[in-house]
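Remarks on the overall topology
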Amino acid sequence: MNNSDTPHAALITGANSGIGQAAATELARRGWRVFAAARSPERGRAAVTQIQNDSGSAAVELLELDLASFSSVRSAAAELLERAPRLDALVNNAGVNLGRRTLTEDGLASTMQVNHFGHVLLTSLLLSRLMQSDDPRVVNVSSMLYQRAGAMPLDDLQLEHQWRGFRPYCISKLANILFTKALHRRYFEHGLATFAVHPGGVRTRLGADGDRGGPLSILWRLVQPFLLSAENGAAPIVDLVDDADKRQLAGAYFNRHQAATLNEHANDHHAAERLWDASNELTDAQWPTL
Ligand code: NAP
C-alpha cells in the first residue's frame, strides 16, 4: 500500500485540451500529482504550463502518449512506471470523432484505436501499479451518444461497414462502457473502482480540425452556446477520481453526477466479454493476475 505522505497521483489522457485539461487543472489544484498525457509535445508543454498557472501547482508533468500507436502506448507506460512510484487514478479521456475512416500505423480504425483499444492497452500496462494504491480508480470517459450505436458490431470492430454520421464515434463510446464492465467484473474484488461517465455536452475542440463535415457540423455549431464549459464537464470526472463516496458505486455508468441505467446493448455481458477478448488479442494486452 502507498505511503500516505506522498501526494495522490493521476494520469489523464488527452490532458492538453478541453475536458482532460480542465480535470487535470482541478486535480492539481486539489493537491494531486498530475501526469498530463498528450500526443503533441508542443501542445503538451503549453498545456502543462497553463495547468500549473491555473492550479497554482508545480506538480504537473507531461507524458508523451499517442494512442494511435501501440508502441507509443508501451513507451509511455514504461516511462510513467519509471517516474511514478505511486499511481492512484487513470482517466482514459482522450478521444476523437473523425469524419472519415482512417487507419493507424497498427492497421486499426483510428476512431477505435484512439478511443478504445489504446486505452485498453494503457490500462493493462498500468494496472499493477494502480493496484498498489489504497483506493485505485479507472475512469473511462464515454458519452451518452453510446445510445446511438445499437449493438456492438463485434464482427466489424474496424468499422468497415459502420461509416454513417456519428456512428463510428458512438460505437467507440459504447466500447468504453463495455470495457468498464469487463474491467470491473475482473478487478473490483481486488479493490479497483472502475467507472464510465458522460461528461455532458461540453464546448471543446472535439471533432474540430475539419473532422466533422456536412449537416452535422452545422448542427454542432448551432448548439455551441448551449454547451457546458470544460470545467463544468470535468467536474463529474474529478468527483469519480477524488470523492471517497463514489467508490460504493464502482462499476456504474454516470450521466454527469448521477449513476444512470444503461440500454440493453451496454448491459450486454456477453458483448463485454467478447470485446474484452478481441481487444486483448488486437493489442496483445496482458492483464496482471492478482
Ligand atoms: P478535445 O478538446 O478535442 O480533447 C480531446 C483530447 O484527446 C485532446 O487532448 C486530443 O489531443 C486528445 N487526442 C486525440 N487523439 C489522440 C491520440 N491519438 N493520442 C492521444 N491523445 C489524443 O475534446 P473533449 O470534448 O475534451 O473530449 C474529451 C473526452 O470527452 C472524449 O473522450 C470525448 O469522447 C468525451 N466527450 C465529450 C463530449 C463533449 O460534448 N465535448 C461529450 C461526451 C463525451 P490533440 O489536441 O493533440 O488533438
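Located above this text is the structure these notes cover.
Definitions and limits used
Residues numbered from 1 in each chain as written. Predicted model: local features only at pLDDT ≥ 70, side-chain atom pairs only at ≥ 80, totals over all residues. Heavy atoms only, no water. Helix = DSSP H or I, 4+ residues; strand = E, 2+ residues; numbered from the N terminus. Buried < 20%, exposed > 50% of the residue type's maximum accessible area, 1.4 Å probe, protein only. Lys, Arg positive; Asp, Glu negative; His and termini not counted. Salt bridge = Lys/Arg side-chain N within 4 Å of Asp/Glu carboxyl O. Near = heavy atom within 4 Å. Polar contact = N/O pair within 3.5 Å; in protein donor to acceptor, adjacent residues only side chain to side chain. Areas by Shrake-Rupley, 256 points an atom, 1.4 Å probe, with all protein chains shown as cover.

**A word on the side chain of Arg167**
Within the fold, Arg167 resides in helix H5 (residues 167–187). Buried charged residue Arg167 carries no salt bridge. Nearest counter-charge: Asp156, at 7.3 Å.

**Considering the site of the ligand**
Neighbouring the ligand are 29 residues, the closest being Ser17, Arg39, Arg43, Tyr169 and Thr204. At 2.7 Å from an oxygen atom of the ligand is found a side-chain nitrogen or oxygen belonging to Arg39. Contact with the protein chains removes 96% of the 890 Å² of surface that the ligand exposes when unbound. Among the secondary structure elements, those contributing two or more residues to the shell around the ligand are helix H1 (18–29) and H5.

**Concerning the pattern of salt bridges**
One pass over the full model with this rule turns up 13 salt bridges. With a shortest N-O distance of 2.9 Å, Asp242 and Arg30 are connected by a salt bridge. Placement of Asp242 in helix H7 (residues 230–242) and of Arg30 in the loop between H1 and strand S2 (33–38) is noted, with a sequence separation of 212 residues between them. Residue Asp242 is classed as partly exposed on the basis of its relative accessible area, which comes to 29%. Note that Glu79 is salt-bridged to Arg83, the shortest N-O span being 2.4 Å. With Glu79 and Arg83 both in helix H3 (residues 70–83) and four residues apart, the pair spans about one turn of that helix. Glu79 gets classed as partly exposed once you look at its relative accessible area, which sits at 36%. Residue class for Arg83 comes out partly exposed when judged on its relative accessible area of 24%. A single salt-bridge network, built from bridges that share partners, covers Glu26, Arg29, Arg30 and Asp242.

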